[in-house]
Amino acid sequence: MTSDGGSLSLDDIRRGVECLLFVSPTPLTAREMALALEVDEALVERAARELVSRDPSQSGLMVREVAGGFQMATRPDYAVAVARFVGKRAQKLSRAALECLAIIAYNQPCTLPEVDAIRGVDSSGVAKSLLDKGLIRELGRKDAPGRPVLYGTTEEFLVYFGLKSLDDLPDQAVLEQMVSERAQAVLEETEDASVEDARRMVEQVFPPDEQDPEDGAQADAGEPLQSL
Amino acid sequence: MAIDLRQESSTGFQVRLQQFEGPLDLLLHLIREQELDIYDIPIAQVTDQYLLYLQRMEELDLDIAGEFLVMAATLIELKSRMLLPRPPSPPEEEGPDPRAELVERLLEYEKYREVAALLRDQEETCRLLYSRTVEVDPEELPPVPSGTVTTADLLAALKRVLERAEVEKEPAAVIPRRRITLRLKMGEILRRLKESGGRLSFHDLFSSERTRTEVVVAFLALLELLRQRKVDAQQERCLGEIIIFEPAGETVTLEAVSP
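Numbering of residues starts from 1 in every chain and runs along the sequence as written. Labels are handed out in written order, letters beginning with A for the chains and numbers beginning with 1 for the ligands. Owing to the predicted nature of the model, reporting of local features is limited to residues with pLDDT of at least 70; listing and counting of side-chain atom pairs is limited to 80 or more, with chain, interface and lining totals taken over all residues.

Caption draft 1: Representation of the overall build of chain A. From N to C terminus, chain A includes 10 helices and five strands. As a rule, residues whose C-beta atom has 12 or fewer other C-beta atoms within 10 Å are exposed, those with 20 or more are buried, and those in between are partly exposed; C-beta atoms are placed from the backbone. Counting every position in chain A, which comprises 228 residues, the buried fraction comes to 27%. Think of it this way: build a C-beta for each residue from its backbone, and any pair within 7 Å is a contact. Pairs at least 24 apart in sequence give 50% of the contacts found in chain A among residues at least 6 apart. To qualify as a helix, a DSSP run of H or I must reach at least 4 residues; to qualify as a strand, a run of E must reach at least 2; elements of each kind are numbered from the N terminus.

Caption draft 2: Structural detail: helix H7 (residues 124–132) of chain A. All names here are of chain A. All of the buried residues along H7 are Val126, Ala127 and Leu130. Projected down its long axis, H7 shows its buried positions confined to an angular sector of 100 degrees, all on one face. Pointing more than 90 degrees away from the buried face of H7 are the exposed residues Ser124, Gly125, Lys128 and Asp132. Of the surrounding secondary structure, the elements contacted by the buried residues of H7 are helix H5 (95–107), helix H6 (112–119), strand E4 (136–141) and strand E5 (149–153). Note on H7: the residue one or two positions beyond its end, glycine 134, has a positive phi of about 75 degrees. The arc refers to the directions leading from the helix axis to the C-beta atoms.

Caption draft 3: Examining the interface of chain A and chain B more closely. On the side of chain B, 35 residues touch chain A, which itself brings 36 residues to the contact. Listing elements by their share of the side of chain A that touches chain B, those giving two or more residues are strand E2 (69–74), helix H4 (79–86), H5, H6 and helix H9 (172–205) of chain A. For the side of chain A that touches chain B, the leading source of residues is H9(A), giving nine residues. For this classification, Asp, Glu, Lys and Arg are treated as charged, while Ala, Val, Leu, Ile, Met, Phe, Trp, Tyr, Cys and Pro are nonpolar and the rest, including Gly, are polar. Counted by class, the side of chain A that touches chain B contains 24 nonpolar, five polar and seven charged residues.

Caption draft 4: Expanded view of the confidence of the model for chain B. All names here are of chain B. Overall, the prediction assigns chain B a mean pLDDT of 76, with 72% of residues at 70 or greater. For every residue, the predictor reports its confidence as pLDDT, a number between 0 and 100. Mean pLDDT in chain B bottoms out at strand E1 (residues 3–7), which sits at 44, and peaks at helix H4 (residues 100–126), which reaches 92. Segment residues 250–259: pLDDT under 50, and 17 contacts once partners within four positions in sequence are set aside and those in other chains are kept. The complex model carries a pTM of 0.62, and its ipTM stands at 0.76.

Caption draft 5: Quick peek at the sheet that holds E5(A). All names here are of chain A. As summarised here, the arrangement of the three strands in space is E3-E5-E4, forming an open sheet in which the pairing is antiparallel. Two strands lie at the open edges of the sheet, namely strand E3 (110–111) and E4, each paired on one side alone. Being paired, for any two strands, means DSSP has found at least two bridges between them. In this structure, E3 lies alongside E5, joined through two bridges in antiparallel fashion. The partner of cysteine 110 across the bridge, within E5, is tyrosine 151.

Caption draft 6: Quick look at the pairing of E2(A). Residue and element names in this part refer to chain A. The buried fraction of E2 amounts to six of the six residues, a majority that puts the element mostly inside the structure. Two elements, strand E1 (residues 61–66) and E2, share six bridges in a ladder whose sense is antiparallel. When the sheet's bridge partners are listed, arginine 64 is paired in E2 with glutamine 71. Between the end of E1 and the start of E2, which pair antiparallel, lie two residues, with alanine 67 showing a positive phi angle near 50 degrees.

This is the structure in structure tokens:
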């Protein structure tokens, strides 16, 4: 155990944490801040958490927990004004890039041929741009024919997507459930749709009373009643 | 169908084709759109639609990536296997469904497609938050130590020159075309360097180049001079002006310039 901060109260520490987060361009861990403030890491952690859950009306800034540390950011409510001031942000990632990242995140360290096999298309171009953006990095080479490069996600990946750690992503079992539920939902929708079709047919034959006679004539001409 | 034809005012037809990330993406789309059971895919129906889609792409003169064709072949093979009568076998010992592998691939891919959608949501949320960035005022950047100008820096600088200098378009007809050779340009750079006291900024170096060709030849000449170590390049700070100068002593400041 290091010193408990001597005379520094938790309020003092919280203000100190705020200062460090204000000047830092990257997320800071409680440990890093504890070193600068010369107080116990657990206290820093507590103070930082207080800042995270601070009443939104207190400040236009917020502290978020990301990539294993804490980072200060502007509140989303002021995004429009801030954007007007600082200008355009970088383009959003393409769907191909997101898919590639998703596969690497779950299978790292993994090679591009492994990514390609899952996506069913070549991912080398996408991977290059992800490397340039610092969202993935090389982790070495696989001991396999051709010694392909192994890739993994970076801390910047966590920051970019606002994740505390990779554990924030749903685990494989949850994913499998999501997918099978979707398949199920599609089937149920199909049943709903057939009920819907039946209802339409009935209404075509017996137009509801409030129906305008002209619309009714159209419906007789074979048009589904879109107003319903 | 995922094809949407719409007329554009002056450019004639503009064709929008839903963008698919690959054959699996297209297949999943077809299955979802037709509300089919992924665990019991009607292969014949899906194959026809898949081929129809490829046909549309062909009609629109789009290049069909090889992966799409491989999947088409796989589907046709599956379809024929489903049609062929199976050898009579005891009912309790039925072989594996030929579609099983494809279904597995589709489900595996869909899992990551879900994650990608999740990441997209996170991205949307995080784009509303602004944090301090690492970019700072170039004036405050620390000086770059000698020897760190890379080919990439030079290329970036060239791009700026090409953009900034509003290089004149080459005239439609030139009577006696001035021949610009690398050798001539190299000599010219060395001469100009001498005239300006052994130092010249990258920007000034290109100030007299009038056409795109001239700029490019001058740039190649500069690279060649650097390679032969007849000149050196130095950059005072990040994004700052690159200075070309005569090498003093044996200082080697540029990474080997690959041809």
